[in-house]
Amino acid sequence: MCKLGNARAGATRREFLKGTLAAGAGAMAGGGLLASASASTHAGEGRGDMPQHSGEAGRRVLIRGGHVLSMDDSVGDFERGDVLIEGNRIVAVGAELDPGDAEVIDARGRIVMPGFIDTHHHLFETALRSFLADGIMFDDGTPEGSPNYMDHILGKLTPVYRPEDVYINVLFGSLSQLDAGVTTVMDTSQIHHSPEHSDAAIEGLRNSARRSVFGYFEGQGERTQYPQDARRIREHYFATGEGRSADGLMTMVMGGEIYLPDHETAWALARELELPLAYHVVGSLGMAETFDALAASGKIEENHILIHMTGMSDTAWQAVRDAGAHVSLAVPIEMTMRHGTPPLMKTSELGILPSLSSDVECTMTADFFTQMRSTLTLQRMFVNELALQGEEQRPALLTSREVIRYATLGGARGLKLERRVGSLTPGKEADLLLLDAEAINVAPLNNVPGAVVTLMERSNVETVLVAGRIRKWRGQLLGADLSRLRDELTASRNYLFEAAGVDRRMFD
(Lines give C-alpha, C1' and ligand atoms only; values in the text may rest on other atoms or scores of the structure.)
Protein backbone atom coordinates (compact mmCIF):
# COMPACT_ATOMS: atom_id res chain seq x y z
CA MET A 1 0.00 0.00 0.00
CA CYS A 2 2.88 2.39 0.62
CA LYS A 3 4.20 1.61 -2.84
CA LEU A 4 1.71 4.08 -4.30
CA GLY A 5 3.83 7.15 -4.94
CA ASN A 6 6.69 6.08 -2.67
CA ALA A 7 9.28 6.00 -5.44
CA ARG A 8 9.08 9.74 -5.79
CA ALA A 9 7.84 10.58 -2.30
CA GLY A 10 11.06 12.24 -1.12
CA ALA A 11 11.44 14.61 -4.07
CA THR A 12 7.71 15.35 -4.23
CA ARG A 13 7.58 16.18 -0.57
CA ARG A 14 10.59 18.51 -0.76
CA GLU A 15 9.00 20.37 -3.68
CA PHE A 16 5.70 20.53 -1.83
CA LEU A 17 7.21 21.92 1.34
CA LYS A 18 9.26 24.46 -0.57
CA GLY A 19 6.21 25.76 -2.40
CA THR A 20 3.92 25.81 0.58
CA LEU A 21 6.36 27.50 2.91
CA ALA A 22 7.07 30.18 0.33
CA ALA A 23 3.87 31.77 1.60
CA GLY A 24 5.60 32.35 4.94
CA ALA A 25 8.82 33.76 3.52
CA GLY A 26 8.83 36.77 5.83
CA ALA A 27 8.02 34.74 8.90
CA MET A 28 8.97 35.63 12.47
CA ALA A 29 11.68 33.72 14.27
CA GLY A 30 10.16 30.39 15.18
CA GLY A 31 9.27 29.76 11.56
CA GLY A 32 6.29 28.36 9.84
CA LEU A 33 3.50 30.39 8.30
CA LEU A 34 3.41 33.34 10.67
CA ALA A 35 3.20 36.75 9.08
CA SER A 36 5.87 39.27 9.95
CA ALA A 37 5.08 41.74 12.69
CA SER A 38 4.85 44.52 10.13
CA ALA A 39 2.11 42.77 8.15
CA SER A 40 -0.94 44.86 7.42
CA THR A 41 -3.79 44.29 9.86
CA HIS A 42 -7.40 43.43 9.26
CA ALA A 43 -9.83 46.33 9.40
CA GLY A 44 -9.80 47.53 12.98
CA GLU A 45 -12.95 49.63 12.67
CA GLY A 46 -11.63 52.25 15.04
CA ARG A 47 -10.48 49.79 17.69
CA GLY A 48 -6.76 50.38 17.19
CA ASP A 49 -3.92 48.83 15.25
CA MET A 50 -2.44 45.41 15.88
CA PRO A 51 0.44 45.45 18.38
CA GLN A 52 3.79 44.88 16.70
CA HIS A 53 6.23 42.06 17.57
CA SER A 54 3.81 40.43 20.02
CA GLY A 55 5.24 37.43 21.83
CA GLU A 56 8.85 38.56 21.51
CA ALA A 57 11.00 38.90 24.62
CA GLY A 58 10.43 42.18 26.41
CA ARG A 59 7.41 43.23 24.32
CA ARG A 60 4.44 44.16 26.48
CA VAL A 61 0.80 44.01 25.41
CA LEU A 62 -2.18 45.03 27.55
CA ILE A 63 -5.59 43.57 26.70
CA ARG A 64 -7.81 46.21 28.24
CA GLY A 65 -11.45 46.45 29.26
CA GLY A 66 -12.70 42.97 28.37
CA HIS A 67 -14.99 40.57 30.19
CA VAL A 68 -12.21 38.42 31.68
CA LEU A 69 -13.04 34.75 32.32
CA SER A 70 -9.78 33.59 33.89
CA MET A 71 -10.70 29.97 34.79
CA ASP A 72 -8.44 30.41 37.83
CA ASP A 73 -10.31 30.65 41.14
CA SER A 74 -7.42 32.46 42.78
CA VAL A 75 -7.43 35.13 40.05
CA GLY A 76 -11.18 35.46 39.66
CA ASP A 77 -13.23 36.99 36.88
CA PHE A 78 -13.68 40.63 35.92
CA GLU A 79 -16.72 42.22 34.35
CA ARG A 80 -14.30 44.81 33.04
CA GLY A 81 -10.70 43.70 33.37
CA ASP A 82 -7.23 43.69 31.85
CA VAL A 83 -4.61 41.08 31.00
CA LEU A 84 -0.98 42.22 30.81
CA ILE A 85 1.41 40.13 28.72
CA GLU A 86 5.18 40.39 28.50
CA GLY A 87 6.85 38.32 25.84
CA ASN A 88 5.10 34.96 25.85
CA ARG A 89 3.76 35.10 29.42
CA ILE A 90 0.92 36.61 31.38
CA VAL A 91 2.30 38.93 34.06
CA ALA A 92 -0.91 40.34 35.57
CA VAL A 93 -4.70 39.97 35.45
CA GLY A 94 -6.90 42.58 37.11
CA ALA A 95 -8.87 45.78 36.80
CA GLU A 96 -7.39 49.07 35.61
CA LEU A 97 -3.84 47.76 35.23
CA ASP A 98 -1.16 50.34 34.48
CA PRO A 99 -0.19 49.83 30.82
CA GLY A 100 3.22 51.48 31.19
CA ASP A 101 4.98 51.05 27.87
CA ALA A 102 2.64 48.27 26.71
CA GLU A 103 0.78 48.39 23.43
CA VAL A 104 -2.95 48.20 24.07
CA ILE A 105 -5.62 45.95 22.60
CA ASP A 106 -9.10 47.39 23.13
CA ALA A 107 -11.17 44.46 24.41
CA ARG A 108 -14.41 46.29 25.18
CA GLY A 109 -17.36 44.09 24.29
CA ARG A 110 -15.09 41.05 24.09
CA ILE A 111 -14.82 37.99 26.31
CA VAL A 112 -11.17 37.31 27.19
CA MET A 113 -10.53 33.67 28.11
CA PRO A 114 -8.00 30.82 27.77
CA GLY A 115 -7.68 29.07 24.43
CA PHE A 116 -9.42 25.74 23.97
CA ILE A 117 -7.44 22.49 24.30
CA ASP A 118 -8.26 19.47 22.12
CA THR A 119 -6.83 16.27 23.61
CA HIS A 120 -7.51 13.89 20.69
CA HIS A 121 -7.70 14.82 17.02
CA HIS A 122 -6.71 12.71 13.99
CA LEU A 123 -5.43 15.65 11.97
CA PHE A 124 -4.23 13.56 9.05
CA GLU A 125 -7.89 13.03 8.07
CA THR A 126 -8.62 16.71 7.30
CA ALA A 127 -8.97 16.05 3.54
CA LEU A 128 -11.67 13.46 4.35
CA ARG A 129 -13.99 16.02 5.98
CA SER A 130 -17.69 15.01 5.96
CA PHE A 131 -17.06 11.86 3.89
CA LEU A 132 -18.40 9.73 6.74
CA ALA A 133 -21.01 12.19 8.04
CA ASP A 134 -23.69 9.48 8.23
CA GLY A 135 -21.39 6.53 8.87
CA ILE A 136 -20.53 4.48 11.93
CA MET A 137 -17.31 2.84 13.11
CA PHE A 138 -17.74 -0.69 11.80
CA ASP A 139 -19.77 -2.84 9.41
CA ASP A 140 -22.78 -4.09 11.34
CA GLY A 141 -24.27 -5.97 8.39
CA THR A 142 -26.83 -3.25 7.59
CA PRO A 143 -26.81 -0.45 5.00
CA GLU A 144 -25.91 1.93 7.85
CA GLY A 145 -22.57 0.18 8.19
CA SER A 146 -21.31 1.06 4.71
CA PRO A 147 -19.24 3.08 4.37
CA ASN A 148 -17.72 2.80 7.84
CA TYR A 149 -14.63 4.03 9.64
CA MET A 150 -12.75 0.77 10.10
CA ASP A 151 -13.08 -0.44 6.51
CA HIS A 152 -13.08 2.77 4.49
CA ILE A 153 -11.03 5.30 6.49
CA LEU A 154 -8.49 3.00 8.15
CA GLY A 155 -8.65 0.10 5.72
CA LYS A 156 -8.70 1.86 2.32
CA LEU A 157 -7.81 5.55 2.58
CA THR A 158 -5.23 5.62 5.35
CA PRO A 159 -2.80 3.15 3.70
CA VAL A 160 -2.33 5.32 0.58
CA TYR A 161 -1.19 8.49 2.37
CA ARG A 162 2.15 9.86 1.22
CA PRO A 163 4.27 12.13 3.46
CA GLU A 164 3.10 15.19 1.54
CA ASP A 165 -0.51 14.23 2.21
CA VAL A 166 0.24 13.96 5.90
CA TYR A 167 1.87 17.38 5.93
CA ILE A 168 -0.90 19.37 4.23
CA ASN A 169 -3.67 17.58 6.16
CA VAL A 170 -2.01 18.27 9.53
CA LEU A 171 -1.15 21.86 8.66
CA PHE A 172 -4.53 22.82 7.22
CA GLY A 173 -6.46 21.12 10.04
CA SER A 174 -4.28 22.86 12.62
CA LEU A 175 -4.80 26.30 11.07
CA SER A 176 -8.54 25.68 10.86
CA GLN A 177 -8.70 24.88 14.56
CA LEU A 178 -6.52 27.86 15.42
CA ASP A 179 -8.99 30.05 13.55
CA ALA A 180 -11.72 28.58 15.78
CA GLY A 181 -9.84 29.30 19.01
CA VAL A 182 -8.32 25.86 19.66
CA THR A 183 -4.82 26.89 20.68
CA THR A 184 -3.57 23.43 21.74
CA VAL A 185 -4.08 19.97 20.23
CA MET A 186 -2.91 16.42 20.75
CA ASP A 187 -2.53 15.05 17.24
CA THR A 188 -3.50 11.40 17.61
CA SER A 189 -1.36 10.52 14.64
CA GLN A 190 -2.05 7.00 13.34
CA ILE A 191 -0.29 7.56 10.04
CA HIS A 192 3.31 6.47 10.63
CA HIS A 193 3.87 4.34 7.55
CA SER A 194 7.53 5.42 7.46
CA PRO A 195 9.89 7.81 9.26
CA GLU A 196 9.18 10.31 6.47
CA HIS A 197 5.47 10.22 7.37
CA SER A 198 6.40 10.93 10.99
CA ASP A 199 8.62 13.86 10.03
CA ALA A 200 5.88 15.29 7.80
CA ALA A 201 3.34 15.18 10.63
CA ILE A 202 5.73 16.98 12.97
CA GLU A 203 6.53 19.60 10.33
CA GLY A 204 2.82 20.24 9.79
CA LEU A 205 2.29 20.80 13.50
CA ARG A 206 5.37 22.99 13.81
CA ASN A 207 4.52 25.17 10.83
CA SER A 208 1.04 25.85 12.16
CA ALA A 209 2.78 27.65 15.06
CA ARG A 210 0.21 26.71 17.66
CA ARG A 211 0.79 24.63 20.78
CA SER A 212 0.65 20.92 20.04
CA VAL A 213 1.34 17.48 21.41
CA PHE A 214 2.61 15.01 18.86
CA GLY A 215 1.00 11.65 19.52
CA TYR A 216 3.19 8.93 18.03
CA PHE A 217 0.86 6.04 17.18
CA GLU A 218 1.06 3.13 14.75
CA GLY A 219 1.29 3.09 10.96
CA GLN A 220 0.78 0.55 8.19
CA GLY A 221 2.95 -1.13 5.58
CA GLU A 222 6.41 -2.56 5.20
CA ARG A 223 8.27 0.69 5.98
CA THR A 224 6.68 1.50 9.30
CA GLN A 225 9.14 1.72 12.18
CA TYR A 226 6.61 2.11 14.97
CA PRO A 227 7.22 1.90 17.87
CA GLN A 228 11.03 1.87 17.87
CA ASP A 229 11.36 5.10 15.85
CA ALA A 230 10.09 6.89 18.96
CA ARG A 231 13.72 7.09 20.16
CA ARG A 232 14.84 8.98 17.05
CA ILE A 233 11.83 11.29 17.14
CA ARG A 234 12.26 12.04 20.85
CA GLU A 235 15.96 12.81 20.44
CA HIS A 236 15.67 14.81 17.23
CA TYR A 237 12.58 16.92 17.92
CA PHE A 238 11.98 16.91 21.68
CA ALA A 239 15.42 16.90 23.29
CA THR A 240 15.18 20.32 24.98
CA GLY A 241 14.22 20.91 28.61
CA GLU A 242 11.02 19.16 29.75
CA GLY A 243 10.86 17.30 26.45
CA ARG A 244 9.81 20.34 24.43
CA SER A 245 10.62 21.27 20.85
CA ALA A 246 13.10 24.03 20.06
CA ASP A 247 10.33 26.65 19.76
CA GLY A 248 8.83 25.53 23.08
CA LEU A 249 5.40 24.86 21.60
CA MET A 250 5.53 21.10 21.04
CA THR A 251 5.75 18.06 23.29
CA MET A 252 5.35 14.33 22.64
CA VAL A 253 3.05 11.53 23.77
CA MET A 254 3.53 7.82 23.04
CA GLY A 255 0.61 5.95 21.54
CA GLY A 256 0.10 2.44 22.85
CA GLU A 257 -3.15 0.93 21.59
CA ILE A 258 -4.31 -2.01 23.69
CA TYR A 259 -5.84 -3.68 20.64
CA LEU A 260 -2.35 -4.18 19.16
CA PRO A 261 -0.80 -7.56 20.02
CA ASP A 262 2.55 -6.05 21.05
CA HIS A 263 1.30 -2.96 22.86
CA GLU A 264 3.58 -3.82 25.77
CA THR A 265 6.59 -2.75 23.65
CA ALA A 266 5.13 0.72 23.15
CA TRP A 267 4.27 0.95 26.85
CA ALA A 268 7.85 0.06 27.78
CA LEU A 269 9.19 2.68 25.37
CA ALA A 270 6.95 5.31 26.92
CA ARG A 271 8.49 4.55 30.32
CA GLU A 272 12.02 4.51 28.90
CA LEU A 273 11.58 7.88 27.15
CA GLU A 274 9.56 9.38 30.03
CA LEU A 275 6.56 10.09 27.83
CA PRO A 276 2.86 10.10 28.70
CA LEU A 277 0.97 7.17 27.16
CA ALA A 278 -2.30 7.52 25.20
CA TYR A 279 -4.66 4.88 23.86
CA HIS A 280 -8.29 4.35 22.81
CA VAL A 281 -10.63 2.47 25.14
CA VAL A 282 -13.86 1.62 23.27
CA GLY A 283 -16.34 -0.93 24.56
CA SER A 284 -18.17 -1.40 21.25
CA LEU A 285 -14.88 -2.60 19.72
CA GLY A 286 -14.50 -5.33 22.35
CA MET A 287 -11.88 -3.68 24.55
CA ALA A 288 -13.65 -3.99 27.91
CA GLU A 289 -12.16 -7.36 28.86
CA THR A 290 -8.62 -6.29 27.94
CA PHE A 291 -8.94 -3.05 29.87
CA ASP A 292 -10.42 -4.83 32.89
CA ALA A 293 -7.36 -7.09 32.94
CA LEU A 294 -5.01 -4.11 32.76
CA ALA A 295 -6.91 -2.37 35.55
CA ALA A 296 -6.86 -5.51 37.75
CA SER A 297 -3.10 -5.86 37.27
CA GLY A 298 -2.45 -2.28 38.37
CA LYS A 299 -1.03 -1.22 35.02
CA ILE A 300 -3.14 1.92 34.66
CA GLU A 301 -0.95 4.88 35.63
CA GLU A 302 -1.28 8.59 36.32
CA ASN A 303 0.34 9.61 33.03
CA HIS A 304 -2.11 7.60 30.89
CA ILE A 305 -4.55 9.41 28.56
CA LEU A 306 -7.62 7.22 28.05
CA ILE A 307 -9.60 8.14 24.95
CA HIS A 308 -13.40 7.59 25.03
CA MET A 309 -13.72 5.10 27.94
CA THR A 310 -17.11 3.95 26.62
CA GLY A 311 -18.64 0.74 27.91
CA MET A 312 -16.16 0.11 30.73
CA SER A 313 -16.96 -1.66 34.00
CA ASP A 314 -17.33 -0.02 37.41
CA THR A 315 -14.16 -1.84 38.49
CA ALA A 316 -12.23 -0.35 35.59
CA TRP A 317 -13.53 3.14 36.37
CA GLN A 318 -12.48 2.79 39.98
CA ALA A 319 -8.97 1.84 38.87
CA VAL A 320 -8.83 4.89 36.60
CA ARG A 321 -9.86 7.21 39.42
CA ASP A 322 -7.46 5.63 41.90
CA ALA A 323 -4.56 5.90 39.43
CA GLY A 324 -5.36 9.51 38.56
CA ALA A 325 -5.33 8.71 34.83
CA HIS A 326 -6.87 11.20 32.42
CA VAL A 327 -10.07 10.68 30.39
CA SER A 328 -10.53 12.37 27.01
CA LEU A 329 -14.13 12.50 25.76
CA ALA A 330 -15.25 13.06 22.16
CA VAL A 331 -18.95 13.38 22.91
CA PRO A 332 -20.42 14.19 19.46
CA ILE A 333 -18.40 11.44 17.78
CA GLU A 334 -19.18 8.90 20.50
CA MET A 335 -22.89 9.61 20.09
CA THR A 336 -22.99 9.43 16.29
CA MET A 337 -20.43 6.73 15.42
CA ARG A 338 -21.54 3.98 17.86
CA HIS A 339 -18.62 4.11 20.26
CA GLY A 340 -21.09 3.72 23.10
CA THR A 341 -22.69 6.19 25.49
CA PRO A 342 -20.32 9.03 26.41
CA PRO A 343 -19.43 8.32 30.06
CA LEU A 344 -20.38 11.75 31.41
CA MET A 345 -22.35 10.26 34.28
CA LYS A 346 -19.30 8.27 35.39
CA THR A 347 -16.95 11.24 35.33
CA SER A 348 -19.55 13.27 37.24
CA GLU A 349 -20.17 10.54 39.82
CA LEU A 350 -16.47 9.87 40.43
CA GLY A 351 -15.34 13.50 40.46
CA ILE A 352 -13.06 12.99 37.45
CA LEU A 353 -12.18 16.13 35.45
CA PRO A 354 -12.19 15.02 31.80
CA SER A 355 -11.12 16.91 28.72
CA LEU A 356 -12.90 17.32 25.39
CA SER A 357 -11.69 16.23 21.97
CA SER A 358 -12.87 16.44 18.39
CA ASP A 359 -11.60 13.04 17.12
CA VAL A 360 -12.32 12.84 13.36
CA GLU A 361 -13.47 15.49 10.91
CA CYS A 362 -14.52 12.83 8.44
CA THR A 363 -17.64 12.69 10.62
CA MET A 364 -17.90 15.86 12.74
CA THR A 365 -16.54 19.40 12.95
CA ALA A 366 -13.51 20.09 15.14
CA ASP A 367 -14.67 23.39 16.63
CA PHE A 368 -15.00 23.46 20.40
CA PHE A 369 -18.34 25.20 20.63
CA THR A 370 -19.85 22.03 19.16
CA GLN A 371 -17.92 19.90 21.68
CA MET A 372 -19.01 22.00 24.66
CA ARG A 373 -22.68 22.27 23.70
CA SER A 374 -22.97 18.55 23.00
CA THR A 375 -21.38 17.72 26.34
CA LEU A 376 -23.54 20.14 28.31
CA THR A 377 -26.84 19.10 26.78
CA LEU A 378 -26.19 15.35 26.95
CA GLN A 379 -25.16 15.34 30.61
CA ARG A 380 -28.11 17.52 31.54
CA MET A 381 -30.47 15.23 29.61
CA PHE A 382 -29.25 12.25 31.65
CA VAL A 383 -29.58 14.06 34.97
CA ASN A 384 -32.91 15.69 34.12
CA GLU A 385 -34.37 12.31 33.23
CA LEU A 386 -33.28 10.95 36.61
CA ALA A 387 -34.93 13.93 38.28
CA LEU A 388 -38.17 13.38 36.39
CA GLN A 389 -38.11 9.71 37.44
CA GLY A 390 -37.83 10.79 41.08
CA GLU A 391 -34.25 9.59 41.58
CA GLU A 392 -32.78 11.49 44.51
CA GLN A 393 -29.24 10.13 44.12
CA ARG A 394 -28.00 11.79 40.96
CA PRO A 395 -25.05 13.93 39.86
CA ALA A 396 -25.44 17.68 39.75
CA LEU A 397 -26.35 19.27 36.46
CA LEU A 398 -23.33 20.27 34.44
CA THR A 399 -22.97 24.05 34.14
CA SER A 400 -21.56 26.22 31.38
CA ARG A 401 -18.57 27.17 33.51
CA GLU A 402 -17.81 23.52 34.28
CA VAL A 403 -17.88 22.48 30.63
CA ILE A 404 -15.51 25.35 29.79
CA ARG A 405 -13.28 23.92 32.51
CA TYR A 406 -13.30 20.61 30.63
CA ALA A 407 -12.34 22.47 27.43
CA THR A 408 -9.44 24.40 29.00
CA LEU A 409 -7.98 23.26 32.34
CA GLY A 410 -9.11 19.68 31.85
CA GLY A 411 -7.17 19.48 28.60
CA ALA A 412 -4.12 21.19 30.07
CA ARG A 413 -3.98 18.71 32.95
CA GLY A 414 -4.52 15.73 30.69
CA LEU A 415 -1.64 16.72 28.42
CA LYS A 416 0.65 17.62 31.35
CA LEU A 417 0.60 21.29 30.35
CA GLU A 418 -1.24 22.74 33.35
CA ARG A 419 1.82 24.70 34.50
CA ARG A 420 1.93 26.46 31.13
CA VAL A 421 -1.64 26.95 29.87
CA GLY A 422 -5.32 26.32 30.59
CA SER A 423 -6.12 29.47 32.58
CA LEU A 424 -5.33 33.18 32.63
CA THR A 425 -2.85 32.92 35.47
CA PRO A 426 0.20 35.18 35.95
CA GLY A 427 3.27 33.16 35.05
CA LYS A 428 1.53 30.95 32.51
CA GLU A 429 2.05 31.35 28.79
CA ALA A 430 -0.41 33.65 27.03
CA ASP A 431 -2.64 31.33 25.02
CA LEU A 432 -5.90 33.24 24.96
CA LEU A 433 -8.93 34.33 22.96
CA LEU A 434 -10.97 37.47 22.44
CA LEU A 435 -14.55 36.47 21.61
CA ASP A 436 -16.96 39.00 20.11
CA ALA A 437 -19.84 39.42 22.57
CA GLU A 438 -21.37 42.28 20.58
CA ALA A 439 -22.09 40.09 17.56
CA ILE A 440 -25.68 39.62 16.42
CA ASN A 441 -25.83 36.06 17.81
CA VAL A 442 -24.75 37.11 21.33
CA ALA A 443 -25.76 40.71 22.13
CA PRO A 444 -26.81 41.78 24.69
CA LEU A 445 -24.36 39.92 26.91
CA ASN A 446 -25.95 38.75 30.17
CA ASN A 447 -23.80 35.82 31.31
CA VAL A 448 -20.24 35.22 30.17
CA PRO A 449 -19.85 31.40 30.54
CA GLY A 450 -23.39 30.92 29.29
CA ALA A 451 -22.78 33.00 26.20
CA VAL A 452 -19.59 31.10 25.35
CA VAL A 453 -21.22 27.68 25.60
CA THR A 454 -24.83 28.22 24.52
CA LEU A 455 -24.66 31.07 22.00
CA MET A 456 -21.25 31.33 20.37
CA GLU A 457 -19.60 29.60 17.41
CA ARG A 458 -16.37 29.97 15.48
CA SER A 459 -17.36 33.30 13.88
CA ASN A 460 -17.20 34.88 17.35
CA VAL A 461 -13.49 34.07 17.65
CA GLU A 462 -12.10 37.50 16.84
CA THR A 463 -8.50 37.42 18.08
CA VAL A 464 -6.23 34.51 19.07
CA LEU A 465 -2.84 34.59 20.82
CA VAL A 466 -0.47 31.64 21.25
CA ALA A 467 2.46 32.15 23.62
CA GLY A 468 1.74 35.88 23.47
CA ARG A 469 1.97 36.03 19.69
CA ILE A 470 -1.08 37.25 17.78
CA ARG A 471 -2.14 34.53 15.35
CA LYS A 472 -5.60 35.81 14.46
CA TRP A 473 -6.49 39.50 14.51
CA ARG A 474 -9.98 40.96 14.27
CA GLY A 475 -11.35 37.95 12.43
CA GLN A 476 -8.41 37.29 10.11
CA LEU A 477 -5.92 34.44 10.49
CA LEU A 478 -2.45 35.88 10.01
CA GLY A 479 0.35 34.75 7.75
CA ALA A 480 -1.25 31.77 6.03
CA ASP A 481 -1.92 31.68 2.29
CA LEU A 482 -5.20 29.84 2.75
CA SER A 483 -6.09 29.87 -0.94
CA ARG A 484 -2.86 28.08 -1.83
CA LEU A 485 -3.14 25.69 1.09
CA ARG A 486 -6.74 24.89 0.18
CA ASP A 487 -5.66 24.01 -3.34
CA GLU A 488 -2.93 21.73 -1.96
CA LEU A 489 -5.40 20.04 0.38
CA THR A 490 -7.87 19.53 -2.45
CA ALA A 491 -5.13 17.99 -4.60
CA SER A 492 -4.29 15.66 -1.72
CA ARG A 493 -7.97 14.74 -1.36
CA ASN A 494 -8.22 13.94 -5.07
CA TYR A 495 -5.14 11.72 -4.91
CA LEU A 496 -6.26 9.86 -1.78
CA PHE A 497 -9.69 8.90 -3.07
CA GLU A 498 -8.35 7.90 -6.48
CA ALA A 499 -5.47 5.87 -5.06
CA ALA A 500 -7.79 4.13 -2.58
CA GLY A 501 -10.48 3.48 -5.19
CA VAL A 502 -13.13 5.10 -2.99
CA ASP A 503 -16.09 7.04 -4.40
CA ARG A 504 -16.63 10.37 -2.60
CA ARG A 505 -20.44 10.03 -3.02
CA MET A 506 -20.99 13.77 -3.23
CA PHE A 507 -24.79 13.64 -2.82
CA ASP A 508 -25.36 10.19 -1.35
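Residues numbered from 1 in each chain as written. Predicted model: local features only at pLDDT ≥ 70, side-chain atom pairs only at ≥ 80, totals over all residues. Heavy atoms only, no water.

J.: Explain the overall build of the protein to me, using residue names and the numbers behind them.
T.: Counting secondary structure elements, the protein contains 14 helices and 17 strands. A compact globule built from 508 residues should have a C-alpha radius of gyration of about 23 Å, and the protein, at 22 Å, falls within 12% of that. Projected onto its principal axes, the C-alpha positions of the protein cover 65 × 60 × 50 Å. Here the protein holds 508 residues, and the buried ones make up 59% of them. Partitioning the intrachain contacts of the protein with sequence separation of at least 6 by distance along the chain shows that 73% fall at a separation of at least 24. Accessible surface for the protein amounts to roughly 19600 Å². Of this, 48% is attributable to carbon and sulfur atoms. Positive and negative side-chain charges of the protein, numbering 49 and 68 respectively, have mean locations separated by a distance of 4 Å. (Helix = DSSP H or I, 4+ residues; strand = E, 2+ residues; numbered from the N terminus. Rg over C-alpha atoms; globule rule 2.2 N^0.38 Å. Buried < 20%, exposed > 50% of the residue type's maximum accessible area, 1.4 Å probe, protein only. Contact = heavy atoms within 4.5 Å. Areas by Shrake-Rupley, 256 points an atom, 1.4 Å probe, with all protein chains shown as cover. Lys, Arg positive; Asp, Glu negative; His and termini not counted. Charge placed at Lys NZ, Arg CZ, Asp CG, Glu CD.)

J.: Go over the pattern of salt bridges, please, and point to the residues and values.
T.: Applying the stated criterion across every chain, the model contains 26 salt bridges. Arg474 is the partner of Glu462 in a salt bridge, and the nearest nitrogen-oxygen pair spans 3.8 Å. Taken as a pair, Glu462 in strand β15 (residues 461-466) and Arg474 in the loop between β16 (469-473) and β17 (476-477) lie far apart in primary sequence, 12 residues in all. Residue Glu462 is classed as buried on the basis of its relative accessible area of 10%. On the basis of relative accessible area, Arg474 is assigned to the buried category, the value being 6%. One salt-bridge network, in which partners are shared between bridges, spans Arg110, Asp436, Glu438, Glu462 and Arg474. (Salt bridge = Lys/Arg side-chain N within 4 Å of Asp/Glu carboxyl O.)

J.: So what about the nonpolar core? Which residues, and what values?
T.: Core analysis: the largest hydrophobic core is formed by 113 residues, its most contacted members being Phe116, Phe214, Met254, Phe291, Met372 and Val452. The element best represented in this core is helix α3 (residues 163-179), accounting for eight residues. Setting aside its immediate chain neighbours within four residues, Val452 contacts Ile111, Met113, Phe116, Phe369, Met372, Ile404 and Leu435. Ranked by size, the runner-up nonpolar core spans 20 residues in total, among them Val83, Ile85, Ile105 and Leu478. (Core = buried A, V, L, I, M, F, W, Y, C linked by side-chain atoms within 4.5 Å.)

J.: Account for the layout of surface pockets, with residues named and values stated.
T.: Counted as a void, the largest pocket has a volume near 530 Å³. The dominant element in the lining of the largest pocket, judged by the number of residues it contributes, is helix α14 (residues 482-500), at five residues. Per-class residue counts for the lining of the largest pocket are 12 nonpolar, five polar and eight charged. (1 Å grid on protein atoms, 1.4 Å probe; cavity = no way out; pocket = protein on both sides within 12 Å on 5 of 7 lines; lining within 4 Å. Points joined across faces, edges and corners; volume = space filled by probe spheres on them. Nonpolar A, V, L, I, M, F, W, Y, C, P; charged D, E, K, R; others polar.)

J.: Describe the pairing of strand β6 (residues 116-121), listing the residues and the values that go with them.
T.: Counting buried residues in β6 gives six out of six residues, a clear majority hidden from the surface. Relative to strand β7 (residues 182-189), β6 runs parallel, the two being bridged by four bridges. Along β7, the bridge assignment pairs Ile117 with Thr184. (Pairing = 2+ DSSP bridges.)

J.: Describe helix α5 (residues 230-237), with residues and values.
T.: Those residues of α5 that sit buried are Ala230, Ile233, Arg234 and Tyr237. Here the buried residues of α5 occupy an arc of 100° about the axis, which is enough to place them on one side. Those residues of α5 that are exposed and angled more than 90 degrees off the buried face are Glu235 and His236. For α5, the secondary structure elements touched by its buried residues are α4 (195-208), β8 (211-216) and β9 (250-255). (Arc of directions from axis to C-beta.)

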